[in-house]
Amino acid sequence: MDLARSEAAVAVPVSEETAAGSSLVRISPERSAEILAVRDRVVSDIPASVARRLKREFADLENELLDEVRRARRGVDPVDLLPDADELVERFLGGLGNEVAELVDGAREFVDDLAGPAAPVSVAEIESDLRRIVGDALASPVSLRLGRAATQDDDGGDVVDRLRLAFREWRRERLADVAGDLATAVLNVAVQASLGRTGSACWVVDSAGAPCPDAEDNSLGGAVRCGSPFPTGDLAPPAHAGCRCQLVPVAAVLQTLVGG
Ligand SMILES: [Zn+2]
């Protein structure tokens, strides 16, 4: 029987400890560790590469913007010179082309390793997800922060100095974490895409990430059809900044049952 293709199999309890009659798929700690090890292998140093790439994008953006602000004619509002969130999405997505492609490949390898042959997914297929992810994690907060820097002059400082400070803050305090969130989000939507609309996934908690109390509910929620919300309302990790949980094809969990 092909468990990977069988929706009914989702209702089978996976471990002996699962209450009799439970319709929930429970993932043993051992299987979770195996799954996260595969995830770590396919993701490897991509988040660091995302962070480096974004640092460069930020440096270029800062130079261009400060140049424009300095050269602007008197009376021009610096706010009008700022890129809006949509422009930032384009820019950051453009800069991250290689890393996104690597994550999409990584998702396929992940599914393949854990649950058998995965459908190929192209970057174009998850384009709207990518825009949403980059917009939410990066472009919108950066746009807000730059907007504040360009308008708040209560401290009497120069607008160029305030913009510089905003960029520095992001580079030093936010980028590395946001790069990890982006990698987590892209990998997970690519995993969902490779499972297709009728596929189901389970939520595996990674307690090595930032504490994720809600994720236990998602994990206990069992298999959820791709595109439907987990108990916390999230469609996929990250559930919050720093969350490193992982979706896994339900077949990868059911194989533990089959295997013993
Ligand atoms: Zn989490």
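Nothing here was measured: the structure is a model prediction, and the numbers come from that model. (Residues numbered from 1 in each chain as written. Predicted model: local features only at pLDDT ≥ 70, side-chain atom pairs only at ≥ 80, totals over all residues.)

### Some remarks on the overall build of the protein
Helix and strand content of the protein: eight helices and three strands. The proportion of buried residues among the 260 residues of the protein is 40%. (Helix = DSSP H or I, 4+ residues; strand = E, 2+ residues; numbered from the N terminus. Buried ≥ 20, exposed ≤ 12 C-beta atoms within 10 Å, placed from the backbone.)

### A closer look at the sheet that holds strand E3 (residues 246-249)
Ordered in space as E2-E1-E3, the three strands form an open sheet in which the pairing is antiparallel. Each edge of the sheet is formed by a strand with only one pairing partner; in this case those strands are strand E2 (224-225) and E3. For strand E1 (residues 200-204) and E3, the ladder comprises four bridges, and the chain directions are antiparallel. Within the sheet, the bridge partner assigned to Val 204 lies in E3 and is Gln 246. The strands touched by helix H6 (residues 159-195) are E1 and E3; relative to E3, the strand with the most contacts, the crossing angle is about 15 degrees. (Pairing = 2+ DSSP bridges. Contact = placed C-beta atoms within 7 Å. Axes fitted to C-alpha atoms, helices over the stretch in contact; angles between N-to-C directions.)

### Observations concerning the packing of helix H4 (residues 97-115) against H6
At their nearest, the axes of H4 and H6 sit 8 Å apart, and the two run at 50 degrees to each other. With respect to H6, the axis of H4 lies oblique. The handedness of the crossing between H4 and H6 is right-handed. The segment H4 lies against H6, with Val 100, Leu 103, Val 104, Gly 106, Ala 107, Arg 108, Phe 110 and Val 111 engaging Ala 183, Val 186, Leu 187, Ala 190, Val 191, Ser 194 and Leu 195. (Parallel < 35°, antiparallel > 145°, perpendicular 65-115°, else oblique. Left-handed = near helix turned anticlockwise from the far one by under 90°.)

### Here's the deal with unusual backbone geometry
Between Pro 237 and the following residue, Pro 238, the backbone shows a cis peptide bond with an omega angle of 0 degrees. Looking at the element boundaries, Pro 238 is found in the loop between E2 and E3. Phi at Ser 44 is positive, roughly 45 degrees, even though this residue is not glycine. Relative to the helices and strands, Ser 44 resides in the loop between helix H1 (29-43) and helix H2 (46-71). Overall, Ser 44 belongs to the exposed group, with 11 C-beta atoms counted inside 10 Å.

### A few points about the nonpolar core
Counting 74 residues, the largest nonpolar core has Leu 182, Val 186, Ala 190 and Ala 201 as the members making the most contacts within it. With 16 residues, the top contributor of residues to this core is H6. Dropping the residues within four chain positions of it, Ala 190 is found in contact with Leu 103, Val 104, Ala 107, Val 121 and Ile 126. (Core = buried A, V, L, I, M, F, W, Y, C linked by C-beta atoms within 7 Å.)

### Regarding helix H5 (residues 127-151)
At Gly 135, H5 shows its maximal kink, close to 55 degrees. Taken together, the buried positions of H5 are occupied by Leu 130, Ile 133, Val 134, Ala 137, Leu 138, Ala 139, Val 142, Leu 146, Ala 149 and Ala 150. Packed against the buried residues of H5 are helix H3 (85-95), H4 and H6. (Bend = angle between axes of the 7 residues up to and from the residue.)

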